[in-house]
Amino acid sequence: WEVDVDAADGDRYRLVVDGVPLVDPHTHDLVHLPDGPWGVVRAPWERRPQRAPLAARAAQPLVYELHVKGFGGGYLGCIDHLDHVASLGVDVVELLPVHPFDDNDNYWGYMPIVWGAVHRGYAVDAERAAEELATLVSAAHDRGLDVWIDVVFNHTGEGGGEFPALTLRGLDPALHRRHPNG
């Protein structure tokens, strides 16, 4: 591995394995360019102060599942509707997948490319998508709502053989993928 220690916030990068450009599965940001997805270096941003845990929930909390784009148009747009959701007696807001995916033919986000980054398409400022998601979560907490994020590990944007190798399948397919015939 070669690492550029002078990498700065916003620099794009890819891993090249056997001549194939791949996305770092641990990237904190992802951008889609005409030649495919690239990881993006992100400098740490100031995190909000830790809060005391929310009140203990019932054994079976009332969950309001929502799709960020369909519900509020984006992370920040969802905040405008949280008072209504809280007024319903909801305990938890469950966000459908918010990880990067190819939204050309996928509305729901159930084919993520990486799990450690946030989908830019739901942000007002794509460069700060993670911060906008954090703002949404903080706003939900301010209203007494827990937030769950639907994380999908059994479907990836790499799909089967008809999809390109973007990250894990290109790094080590035998290690990272279950094959039905062995």
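Residues numbered from 1 in each chain as written. Predicted model: local features only at pLDDT ≥ 70, side-chain atom pairs only at ≥ 80, totals over all residues. Heavy atoms only, no water.

### Details of the overall build of the chain
- Looking only at helices and strands, the chain features six helices and eight strands.
- Reading the helices (α) and strands (β) of the chain from amino to carboxyl end gives β-β-β-β-β-β-α-α-α-β-α-β-α-α.
- The long-range fraction of contacts in the chain, counting pairs at least 24 apart against all pairs at least 6 apart in sequence, stands at 62%. (Helix = DSSP H or I, 4+ residues; strand = E, 2+ residues; numbered from the N terminus. Contact = heavy atoms within 4.5 Å.)

### Description of helix α4 (residues 129-142)
- Counted at 1.5 Å a residue, the expected span for α4 with its 14 residues is 20 Å, and the 20 Å between its end C-alpha atoms agrees.
- Along α4, the positions that sit buried rather than exposed are Ala129, Glu132, Leu133, Ala134, Leu136, Ser138, Ala139 and Ala140.
- Phi for Gly144, located one or two positions after α4, is positive at around 80°. (Expected span 1.5 Å × (residues − 1). Buried < 20%, exposed > 50% of the residue type's maximum accessible area, 1.4 Å probe, protein only.)

### What to know about the packing of aromatic side chains
- This model, assessed by the stated rule, comprises four aromatic pairs.
- Considering the side-chain rings of Tyr75 and Tyr122, the 5.7 Å spacing of their centres and the 75° angle between planes classify their relative orientation as edge-to-face. Of this pair, Tyr75 sits in helix α2 (residues 75-79) while Tyr122 sits in the loop between β7 (92-95) and α4, and the two are 47 residues apart along the sequence.
- Aromatic side chains Tyr107 and Trp108 sit 4.9 Å apart centroid to centroid with 90° between the ring planes, which places their arrangement in the edge-to-face category.
- Using a relative accessible area of 40% as the deciding quantity, one classes Tyr107 as partly exposed.
- Judged by relative accessible area, Trp108 falls into the partly exposed class, the value being 47%. (Phe/Tyr/Trp six-rings, centres within 6.5 Å; stacked < 30°, edge-to-face > 60°.)

### Considerations on the sheet that holds strand β6 (residues 63-66)
- Here we have three strands laid out as an open sheet, ordered β6-β7-β8, and parallel in their pairing. The sheet is open, and its two borders are formed by β6 and β8 (146-149), each paired with just one other strand. For this sheet, the mean inter-axis angle between neighbouring strands, taken without regard to orientation, is 25°.
- Of the pairings in the sheet, the one linking β6 to β7 comprises four bridges and is parallel in character. Residue pairing for β7: Leu66 is matched across the bridge by Leu95.
- Running over the sheet, α4 touches β7 and β8 and is turned about 140° from β8. (Pairing = 2+ DSSP bridges. Axes fitted to C-alpha atoms, helices over the stretch in contact; angles between N-to-C directions.)

### A closer look at the pairing of strand β4 (residues 30-33)
- Alignment of β4 against strand β5 (residues 36-40), held across four bridges, turns out to be antiparallel. The partner of Leu33 across the bridge, within β5, is Gly36.
- Between the antiparallel neighbours β4 and β5 lie two residues.

### Comments concerning the pattern of salt bridges
- Taken as a whole and assessed by the stated rule, the structure comprises nine salt bridges.
- In this structure, the salt-bridge partner of Asp35 is Arg14, at a minimum N-O distance of 3.2 Å. On the criterion of sequence distance, the pair formed by Asp35 in the loop between β4 and β5 and Arg14 in the loop between β1 (12-13) and β2 (15-17) is long-range, its members being 21 residues apart.
- For Asp35, a relative accessible area of 47% corresponds to the partly exposed category.
- The shortest N-O distance in the salt bridge between Asp29 and Arg42 comes to 2.8 Å. Remark: Arg42 occurs in the loop between β5 and β6 and Asp29 occurs in the loop between β3 (20-22) and β4; sequence separation between them is 13 residues.
- A residue is classified by how much of its surface remains accessible, and Arg42, at 16% relative accessible area, is buried.
- By sharing partners, the salt bridges in this structure join Asp9, Asp29, Arg42, Arg120, Glu127, Arg128 and Glu131 into a single network. (Salt bridge = Lys/Arg side-chain N within 4 Å of Asp/Glu carboxyl O.)

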